[in-house]
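Secondary and tertiary structure notes
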Amino acid sequence: MKQHMCDDDDGVANLVEYVTITGILMVLLIVTIFATNAIFMQGPSDRLAYHSFVDVGNGISTRIVDIYVIAPDTGTITTDFDIPDDVAGSDYFVEMAERDGDQKVVVSRGGVRSTISIAGIGATMGVTGNTTGSGINRLTYNSSGV
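Residues numbered from 1 in each chain as written. Predicted model: local features only at pLDDT ≥ 70, side-chain atom pairs only at ≥ 80, totals over all residues. Heavy atoms only, no water.

1. So, the overall build of the chain
To be explicit about the condition: To qualify as a helix, a DSSP run of H or I must reach at least 4 residues; to qualify as a strand, a run of E must reach at least 2; elements of each kind are numbered from the N terminus. The classification of residues rests on relative accessible area computed with a 1.4 Å probe and restricted to protein chains. Under 20% of the type maximum is buried, over 50% is exposed, and intermediate values are partly exposed. Reported accessibility uses the Shrake-Rupley method at a 1.4 Å probe radius. Residues are deemed covered only where the shown protein chains occlude them.
Tallying secondary structure elements over the chain gives 1 helix and 6 strands in all. Listed by position from the N terminus, the elements making up the chain come as α-β-β-β-β-β-β. Burial statistics for the chain: of 146 residues in total, 26% are counted as buried. Within the structure as shown, the chain displays about 10,100 Å² of accessible surface, and the carbon and sulfur contribution to it stands at 57%.

What follows is the structure in structure tokens.
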């Protein structure tokens, strides 16, 4: 009677094969987990935020132009307005400043930024200031420039 004996190398080879395949699959799983957030969550959220920032910037630019149109020759005019408290679940920052020789409304958060020109008044009236989305915001025009 002939006995069939397993070679010790066969058992070790199977174990090494399983450990190697499991290690490779774990590395792929970890890479997939990190890539999923960037591709499926952060990218669309940033696109949504950018388009929302454009809408907010356009609304503020329109309000500034409206104030300029009805501004008195002497005196002060003030208006309060509300913008969204947050965009895509996070707060944001609004800045009015001169950039590249033109008045701009810059709405930003982290790496997402939209820049909107304040149509037609950049050469005649300087607009400065900043705000956030929370609370009621105020625009003030003073003919003396203060």
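2. Observations concerning the sheet that holds strand 5 (residues 129-132)
Here is the rule: Strand pairing follows a simple DSSP-based rule, namely that at least 2 bridges must link the two strands. Between N-to-C directions, angles span 0 to 180 degrees; the directions come from axes that are lines fitted to C-alpha atoms, helices contributing only their stretch in contact.
Read across the sheet, 4 strands follow the order 4-3-2-5 without closing on themselves; strand pairing throughout is antiparallel. Each end of this open sheet is capped by a strand with a single partner; those strands are strand 4 (112-117) and strand 5. Adjacent strand axes in the sheet meet at a mean angle of 25°, parallel and antiparallel pairs treated alike. Across 6 bridges, strand 3 (residues 102-109) lies against strand 4 in antiparallel orientation. Its bridge partner being in strand 4, lysine 104 is matched across the sheet by serine 117.

3. Focus: the packing of aromatic side chains
Inclusion rule: Pairing of aromatic side chains requires ring centres within 6.5 Å, counting the rings of Phe and Tyr and the six-membered ring of Trp. Pairs whose planes differ by under 30 degrees are stacked, by over 60 edge-to-face, and all others tilted.
Under the criterion given, the structure shown has 1 aromatic pair. With a centroid separation of 5.5 Å and an interplanar angle of 45°, the aromatic rings of phenylalanine 53 and tyrosine 92 are classed as tilted. Of this pair, phenylalanine 53 sits in helix 1 (residues 8-70) while tyrosine 92 sits in the loop between strand 1 (76-82) and strand 2 (93-99), and the two are 39 residues apart along the sequence.

4. So, the nonpolar core
The nonpolar side chains of soluble globular proteins are, as a tendency, buried together. Applied cut-off: As used in this record, nonpolar core signifies buried Ala, Val, Leu, Ile, Met, Phe, Trp, Tyr and Cys residues forming a set joined through side-chain atoms within 4.5 Å.
In terms of nonpolar packing, the biggest core is built from 23 residues, with Ile60, Ile64, Tyr92, Val94 and Val105 touching the most fellow members. Elements represented by at least two residues in this core include exactly helix 1, strand 1, strand 2, strand 3, strand 4 and strand 6 (136-142). The dominant element in this core, judged by the number of residues it contributes, is helix 1, at 7 residues.

5. Structural notes on a nonpolar patch on the surface
The cut-off we apply is this: Residues enter patches when they are more than 30% accessible in relative terms and free of salt bridges; like-charged ones are connected within 9 Å and nonpolar ones (Val, Leu, Ile, Met, Phe, Trp, Tyr) within 5 Å. The salt bridge definition used is simple: a Lys or Arg side-chain nitrogen within 4 Å of an Asp or Glu carboxyl oxygen.
Where nonpolar side chains cluster on the molecular surface, the patch consists of Ile21, Ile24, Leu25 and Leu28 and spans about 380 Å² of accessible area. With respect to the element layout, isoleucine 21 can be found in helix 1. Residue isoleucine 21 is classed as partly exposed on the basis of its relative accessible area, which comes to 41%.

6. Here's the deal with the pairing of strand 2
Taken together, the 7 bridges between strand 2 and strand 3 define a ladder with antiparallel strand orientation. Residue pairing for strand 3: alanine 97 is matched across the bridge by lysine 104. Hairpin connection from strand 2 to strand 3: 2 residues lie between these consecutive antiparallel strands, with aspartate 100 at a positive phi of about 55°.

7. Observations regarding the environment of glycine 59
Its location among the elements puts glycine 59 in helix 1. Residues glycine 59 and phenylalanine 81, spaced 22 residues apart in sequence, show a C-alpha to C-alpha distance of 9.8 Å.

8. A few points about the pattern of salt bridges
Evaluation of the coordinates by the stated rule reveals 1 salt bridge. Across the pair aspartate 80 and arginine 138 runs a salt bridge whose closest N-O atoms are separated by 2.7 Å. Linking aspartate 80 in strand 1 with arginine 138 in strand 6, this pair joins segments that are 58 residues apart in sequence.

9. Focus: the confidence of the model for the chain
Detailed reading of predicted coordinates is not advised where the pLDDT is low. Selection rule: Confidence of the predictor at the level of single residues is given by pLDDT, which spans 0 to 100.
When pLDDT is averaged along the chain, the result is 82; 86% of the residues meet or exceed 70. Within the chain, strand 6 has the poorest average pLDDT of any element, 83, and strand 4 the best, 90.

10. Describing a negative patch on the surface
Here is the rule: When charges are tallied, Lys and Arg are placed among the positive residues and Asp and Glu among the negative ones, while His and the ends of the chain are skipped. Note that the charge is assigned to NZ on lysines, CZ on arginines, CG on aspartates and CD on glutamates.
A contiguous patch of negative charge, built from Asp82, Asp85, Asp86 and Asp91, is present on the exposed surface. With respect to the element layout, aspartate 91 can be found in the loop between strand 1 and strand 2. Since its relative accessible area comes to 57%, aspartate 91 is described here as exposed.

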